[in-house]
Amino acid sequence: MTRLFNLLVLAFASALPVAAHAQDCAPIKDVDAVLSQDGLRYLVLGEMHGTNEAPEFAGDVVCHALERGQPVVLALEYGDLEQGPLDGYLNSDGGTDARLAFLSRPEWRGGLPDGRRSEAMFSLIEQARRMKTDGADLDVLAVRGGRPPREGDYQAYGEAAMAGRLEAIGATRPEALIVFLVGNIHAAKAPMRDTLPPPAAARLPENETLSLNYSSGGGEAWNCQPYTCGPHPMPARDDPGDRDRVILTPVSRNEGAVHYDGYFWTPRTTASAPAALTDPCGECTLSAPPDGWSVADVTPED
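Description of the structure in this document. (Residues numbered from 1 in each chain as written. Predicted model: local features only at pLDDT ≥ 70, side-chain atom pairs only at ≥ 80, totals over all residues. Heavy atoms only, no water.)

Quick word on the pattern of salt bridges
Here is step 1 of the chain: For the coordinates displayed, the defined rule picks out 14 salt bridges.
Here is step 2 of the chain: Put simply, Arg130 and Glu126 hold a salt bridge, and the shortest N to O gap is 2.7 Å. Residue Arg130 and its partner Glu126 are both found in helix H7 (residues 119–133); the two are separated by four residues, about one turn of the helix.
Here is step 3 of the chain: Of the residues examined, Glu126 reaches a relative accessible area of 1% and is grouped as buried. (Salt bridge = Lys/Arg side-chain N within 4 Å of Asp/Glu carboxyl O. Helix = DSSP H or I, 4+ residues; strand = E, 2+ residues; numbered from the N terminus. Buried < 20%, exposed > 50% of the residue type's maximum accessible area, 1.4 Å probe, protein only.)

Printed below as a string of structure tokens:
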């Protein structure tokens, strides 16, 4: 089984497309209106995990910021223990051995395949590696906190830990724009319900933070919903045109609160499967799930 996994990862890694360099940014309508905001330190992109388009959009935003001469920190929803392997890959040659070592780690093979370790997320990391190789002033940092040191509210601890990590990064890199790609619940500037703790974005300095929620013309996302992990429909929301864009307009999910400063939009959404489960044939998977994985009693994070 391990040998089969290694062969599949090798074939998948070799088949990944070449990512755009920092000077070859894909166009995003009105992205300059976001990047030119006075005092902007934290740009939060709230996604539904498991799409190709949200990580691609994040990479394109990073590219545009770098093109403007702005140093960037790309913050990802990974645990602190993943920083070492992440640094190792980012500083590698991106060859087959480096990809195999990174994708073979337990975090990518096991656990809940909820979209945070998808093909598209690995492609985003690879794009960042290429940008850094080209000399871009870019860091990629894991900011998700671990479990609470004692019993308590896990979600409140996680939100506070992510916000604290982001502010610590901001203190050490005051010249950098922090682009934070995270599940859209964490990206909100107010809780979705009164019973929920303040999300990570709500804990960041208000006048330095811009939060955008993901929206699209509809399609699918590969994520976990009750009892099933796989492609699930994503409804169409709005229809502002046929190209990627950002739209700055307050977004509220319930009365009395503004949850996002706008949204980032793509014409369609396509599902991106977990990198470690995907077979190069494009339609089949490993003969068994990773060790310790189960879809029983799964509930979606976002």
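A word on the packing of helix H5 (residues 96–103) against H7
Here is step 1 of the chain: It is the contact of H5 with H7, at a shortest axis distance of 13 Å, that shows an interaxial angle of 135°. In terms of their interaxial angle, H5 and H7 are classed as oblique. As for how H5 packs across H7, the hand of that crossing is right-handed. Where H5 abuts H7, its residues Arg99, Phe102 and Leu103 lie against Phe122, Ile125, Glu126 and Arg130.
Here is step 2 of the chain: Of the residues in the contact of H5 with H7, the class split is four nonpolar, no polar and three charged. (Axes fitted to C-alpha atoms, helices over the stretch in contact; angles between N-to-C directions. Parallel < 35°, antiparallel > 145°, perpendicular 65-115°, else oblique. Left-handed = near helix turned anticlockwise from the far one by under 90°. Contact = heavy atoms within 4.5 Å. Nonpolar A, V, L, I, M, F, W, Y, C, P; charged D, E, K, R; others polar.)

Digging into the nonpolar core
Here is step 1 of the chain: One finds Leu43, Leu76, Ile125 and Leu138 to be the most contacted residues of the largest nonpolar core, which totals 48 residues.
Here is step 2 of the chain: Among residues more than four places away in sequence, those in contact with Leu43 are Val34, Leu35, Val61, Leu177, Ile178, Val179, Phe180, Leu210 and Leu212.
Here is step 3 of the chain: Listed in part, the 25 residues of the second largest apolar core include Ala75, Leu141, Val251 and Tyr263. (Core = buried A, V, L, I, M, F, W, Y, C linked by side-chain atoms within 4.5 Å.)

Some remarks on the state of the cysteines
Here is step 1 of the chain: Applying the stated criterion across every chain yields a total of two disulfides.
Here is step 2 of the chain: Across a sulfur-sulfur distance of 2.1 Å, Cys25 and Cys63 are joined as a disulfide pair. Between Cys25 and Cys63 the disulfide shows an S-S torsion of about -85°. By sign, it is left-handed. Taken together, the positions of Cys25 in the loop between helix H1 (2–15) and helix H2 (31–35) and Cys63 in helix H3 (residues 53–67) put the pair 38 residues apart, joining distant regions of the chain.
Here is step 3 of the chain: By relative accessible area, Cys63 is classed as buried at 0%.
Here is step 4 of the chain: The disulfide partner of Cys224 is Cys229, and the S-S distance across this bridge is 2.0 Å. On the sign convention where negative is left-handed, the bridge of Cys224 and Cys229, at about 110° about the S-S bond, is right-handed. Residues Cys224 and Cys229 agree in their burial class; the two are buried. (Disulfide = S-S within 2.5 Å.)

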